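# Analysis of the macromolecular model
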Amino acid sequence: MFQPPACGPNRNGCRRNIHVLLLLLLLLLYSSLKASLAARPKGPGQTHLNSIRIDGDISLGGLFPVHARGHDGKPCGELKKEKGIHRLEAMLFALDRINNDNNLLPNITLGARILDTCSRDTHALEQSLTFVQALIEKDGTDVKCLGGGEPIITKPERVVGVIGASSSSVSIMVANILRLFKIPQVSYASTAPELSDNTRYDFFSRVVPPDTYQAQAMVDIVKAMRWNYVSTVASEGNYGESGVEAFIQKSREDGGVCISQSVKIPREPKQGEFNTIIQRLGENPNARVVILFTNEDDIRRLLHAAKKANQTGHFIWVGSDSWGSKISPVVHQEEMAEGAVTILPKRQSIKGFDRYFISRTLENNRRNIWFAEFWENNFNCKLSRHAVKKGSGLKKCTNKERIGKDSHYEQEGKVQFVIDAVYSMAHALHNMHKELCPGKVGLCAKMDPINGTHLLKHIRRLKFSGIAGNPVLFNENGDAPGRYDIYQYQIRNRTAEYKVIGNWTDQLHLTVRSMQWPGGVRQIPSSICSQPCQPGERKKIVKGIPCCWHCERCDGYQYQADTYTCKMCRFDLRPNENHTGCVPIPIVKLEWSSPWAVIPVLIAVLGIMATLFVVVTFIRYNDTPIVKASGRELSYVLLTGIFLCYATTFLMISTPDVGICSLRRIFLGLGMSISYAALLTKTNRIYRIFEQGTMSVSAPRFISPASQLVITFTLASVQLLGVCIWFGMDPSKAIIDYEDQRTSNPTLARGVLKCDISDLSLICLLGYSMLLMVTCTVYAIKTRGVPETFNEAKPIGFTMYTTCIIWLAFIPIFFGTSQSTEKMYIQTTTLTISVSLSASVSLGLLYMPKVYVILLHPEQNVPKRTRSLKAVVTAATMSNKFNPKAGLRPNGEAKTELCESLETQSFSTKQTYISYSNHAI
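Residues numbered from 1 in each chain as written. Predicted model: local features only at pLDDT ≥ 70, side-chain atom pairs only at ≥ 80, totals over all residues. Heavy atoms only, no water.

### Description of the nonpolar core
In terms of nonpolar packing, the biggest core is built from 67 residues, with Met91, Leu110, Tyr188 and Phe353 touching the most fellow members. For this core, the leading source of residues is helix α12 (residues 415-436), giving 13 residues. With sequence-adjacent residues up to four places away left out, Phe353 is seen in contact with His86, Glu89, Ala90, Phe93, Tyr409, Gln411 and Val415. Core analysis: the second largest hydrophobic core is formed by 51 residues, Leu639, Ile796, Phe810 and Ala839 among them. (Core = buried A, V, L, I, M, F, W, Y, C linked by side-chain atoms within 4.5 Å. Buried < 20%, exposed > 50% of the residue type's maximum accessible area, 1.4 Å probe, protein only. Helix = DSSP H or I, 4+ residues; strand = E, 2+ residues; numbered from the N terminus. Contact = heavy atoms within 4.5 Å.)

Set out below in structure tokens:
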């Protein structure tokens, strides 16, 4: 008698078993009542409670969805020709082959009890109680016969193993009962991942791979097509929900696939339910691909709803093995299914079964109690004349119809697996018989009854070649290895067919070129949330949806470091054209051909030529009165400074290097310092002479030419000393400044090759020259009262006033353009022109009049009598005081005399000077 399992440490599992037992006892009471009413002797092939019974030494159970789920309270609905009858006949075909095989279970006949699950788990549970009735002893003490004899109670046959079920939800329900009675179960179609749990379904095995493999294969298909945004639809129940859950889990593990909508179809869908589902799937038009883990009926109704919503060609269906290569879901809606990619465990059409099934007739197949119903359905006729109504379009069956000739026939996809499942039981029983009954014919005592746990061990150890030549084996969880064929539903020349486009065995092998999409298009349709970002754009992921993103341009000086990150280029680099990397910033310098350089160079060349012309003229006429009167020594020094000012332009435009930068430091301020030192010495000398003349007739100190040279070089040496200190603290070098022309537009960015002279350093460099210039200007102002014919104060004053104006204009131009992108050009040009203009003013106002007189008016270069210094100074002072117009004296006699007196004190030899007109300076 059956004993319930004792509670061990796993009390949760024990409680679950108790709940199942309570349900089982209630159902047994109900089924026992029905069984007692129908108990009678049984013969081969006779019906029993809506089932098929075939006698044999060992009986196997069978569960098949012969009918669809019923409606309006009815347990069963319409007949399923392929999924029901084909699979059931496959089991009968396998039993015939095994019983006729002398090498497999010799002298042992396999029988069967085959039940209809009606595609409903609760109905299947009720029906499957037949399998365990023989394991429960019935108490016959309360049964009395009227004649007083012993009651005859028919004991049901003992089922040692069950083939089935088809639906995962049915298999799960049945497996919970069979495990309590230790009856092994081998399914031919249940693929729910939940059934791989060996702690809950330890007596369950299957010859088809679990949906974890199928889900992985479907994820690989989606990724191979470069789809990353899909929707899922699942039929309520273990198969659909577990399949979608496995798909979502695998897609998350592999990454790159996101779910737009996840819809569940209820077991009892309401009216308009499928229209609502299609509407939800269409909410995001980018998610065109729909993953289906649904039963056959739901697929058909879903396609119909999509057709009704005028969505032909929009959705790309990816169906699980429940769709496979079936015809029934796509009948009359082929265009809606066009392009659908489906998956089916790798199989072959069994030719032997085709011959067997085509040969079935009502006469030779009476053991199948549902075959008559199949006959009527398949040939659209009625066996009973009374069932044929006028105008119904039905005819009476003649029994001369033939399958495949008078009706379409195509082998159902799971036939191979039904046969392999039956053979698995047979091989396990054969191996068990060899172990327990070696050398004995038929069953021995050790196999009566057959131990289910022992039989399960032999099932799990199996490895044999199946009906199609594929190896049949099980892992520790009772699962078969994953081997799938990939199909696509294509329409060619108005003919629809399933075409094999690839396979999956641990990895995907897909022939993309043989695929065809809705409308006969070859290009793979897209099903992505966001378009790929362009080069130089980073992905900004939408929160919670890793496959959806916004593309953000890496702007400015950023480049695309990776898919999700923009980084700044190094200071000396800028992004390339598409911002995918960084390239060196072009280096620029002031070129000789640039307009910014041509003008300063032209001015400098003309200035140098003019300076050399003056120097040559002075050297040639070195002993003439004008040259002597102008102070030859200081004139040559001043002309040298002017020359250096012009020459500075070439240093400023030359390509910077250590040598050029060193020369810039030295000569940029030195030329101006020499020029203004000489002018300052001249103005200071005149100021001291006339200031001394107002107090004494004696000559001031340090007014001789030698003294003037010493003073000039002393003032200029201060500039050189400052430069030397600068060299010691910061050696000169050329640098590349990437900030000067770092524009907001990287394509315009340039690195400027220049010397390391900052604006502050430039101010310090020119500051001393400016100080000399200002001081010279002050002395020029102080000597403005001296008669113009007596000295050079007035021309020097005009020179300094003009120079100050030039440099006052230079400052705002130079420093006001410090932020300009053209800074290098503007500042360099401004500086060189300012220096050249300063030199030109000095050259033009101080020396050009002298050269003019020397070359064009030599008659004015005549000697004049001389007077003593005291007389000259006194005359000049008194003339300035009492006769403001003394300066109108012809030939500037007083000025000439002053020059003569000063010269005679400097040289021991008495010399005579000629006077010159007021044009001389």
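On we go from here.
### Some remarks on helix α19 (residues 759-782)
Structural remark: α-helix, 3.6 residues per turn; residues separated by three or four positions point the same way. The terminal C-alpha atoms of α19, which comprises 24 residues, lie 33 Å apart, in line with the 34 Å expected from a rise of 1.5 Å per residue. Taking the largest bend as the criterion, α19 deviates by roughly 40°, centred on Gly767. Of all the positions in α19, only Leu762, Leu765, Leu766, Tyr768, Ser769, Met770, Leu772, Met773, Cys776, Thr777 and Ala780 are classed as buried. (Expected span 1.5 Å × (residues − 1). Bend = angle between axes of the 7 residues up to and from the residue.)

### Brief notes about the packing of aromatic side chains
Tallied over the entire structure, the rule returns 21 aromatic pairs. Taking 6.5 Å as the distance between ring centres and 40° as the angle between the ring planes, the aromatic pair formed by Tyr213 and Trp504 counts as tilted. Note that Tyr213 is positioned in helix α5 (residues 211-224) and Trp504 in strand β19 (residues 495-504), a separation of 291 residues in sequence. Judged by its relative accessible area of 27%, Tyr213 falls in the partly exposed class. According to the relative accessible area criterion, Trp504 is buried, its value standing at 2%. Judged by centre distance (5.4 Å) and plane angle (40°), the rings of Phe315 and Trp317 are tilted. The class for Trp317 is buried, based on a relative accessible area of 0%. Taken together, Phe93, Phe353, Tyr356, Phe357, Phe371, Phe374, Trp375, Phe379 and Tyr409 form an aromatic cluster joined through their ring pairs. Its end group placed over the ring of Tyr557, Arg742 keeps NZ or CZ at 3.9 Å from the ring centre. One cation-aromatic arrangement involves Lys850 over Tyr847; the distance from NZ or CZ to the ring centre is 5.8 Å. (Phe/Tyr/Trp six-rings, centres within 6.5 Å; stacked < 30°, edge-to-face > 60°. Lys NZ or Arg CZ within 6 Å of the ring centre and 35° of its normal.)

### Quick notes on the pairing of strand β6 (residues 159-163)
For β6, a buried count of 5 out of 5 residues is recorded, marking the element as mostly surrounded by other parts of the structure. Inspection of the sheet shows strand β2 (residues 58-64) paired to β6 by 4 bridges, in the parallel sense. Bridging from a neighbouring strand, Ser59 pairs with Val159 of β6. Bridge analysis of β6 against strand β7 (residues 185-187) gives 2 bridges, and the strand direction is parallel. Bridge pairing links Ile163 to Val186 in β7. One crossover worth recording links β6 to the parallel β7 by way of helix α4 (residues 168-178), and it is right-handed. (Pairing = 2+ DSSP bridges. Right-handed = clockwise from strand over helix to strand, strands pointing away.)

### Some remarks on the sheet that holds strand β28 (residues 734-741)
On the basis of which strands lie adjacent, the open sheet formed by 3 strands has the order β27-β29-β28 and mixed pairing. Looking along the sheet, the strands with just one partner apiece sit at the ends: β27 (587-588) and β28.

### Here's the deal with the confidence of the model for the protein
Caution applies to low-pLDDT parts of the model: their predicted coordinates are not meant to be read in detail. Of all residues in the protein, 83% have pLDDT values of 70 or greater, and the mean over the chain is 83. For the protein, helix α24 (residues 893-906) is the element with the lowest average pLDDT, namely 41, and β7 is the one with the highest, namely 97. Note that pLDDT drops below 50 for residues 26-49; the model gives that stretch 24 contacts with residues more than four away or on any other chain. Low pLDDT (under 50) marks residues 878-921, which in the prediction has 99 contacts with non-local residues, meaning those over four places away or in another chain. (pLDDT = per-residue confidence, 0-100.)

### Describing the state of the cysteines
What we call a disulfide is simply a covalent bond connecting the sulfur atoms of a pair of cysteines. One pass over the full model with this rule turns up 9 disulfides. Paired through a disulfide, Cys529 and Cys548 show a sulfur-sulfur distance of 1.8 Å. The S-S bond linking Cys529 to Cys548 shows a torsion near 110°; that makes this disulfide right-handed. With a gap of 19 residues between them, Cys529 in the loop between β20 (508-510) and β21 (537-542) and Cys548 in strand β22 (residues 545-553) connect regions that are remote in the sequence. On the basis of relative accessible area, Cys548 is assigned to the buried category, the value being 5%. Left unpaired, Cys776 is separated from the closest cysteine sulfur, that of Cys804, by 9.0 Å. (Disulfide = S-S within 2.5 Å.)

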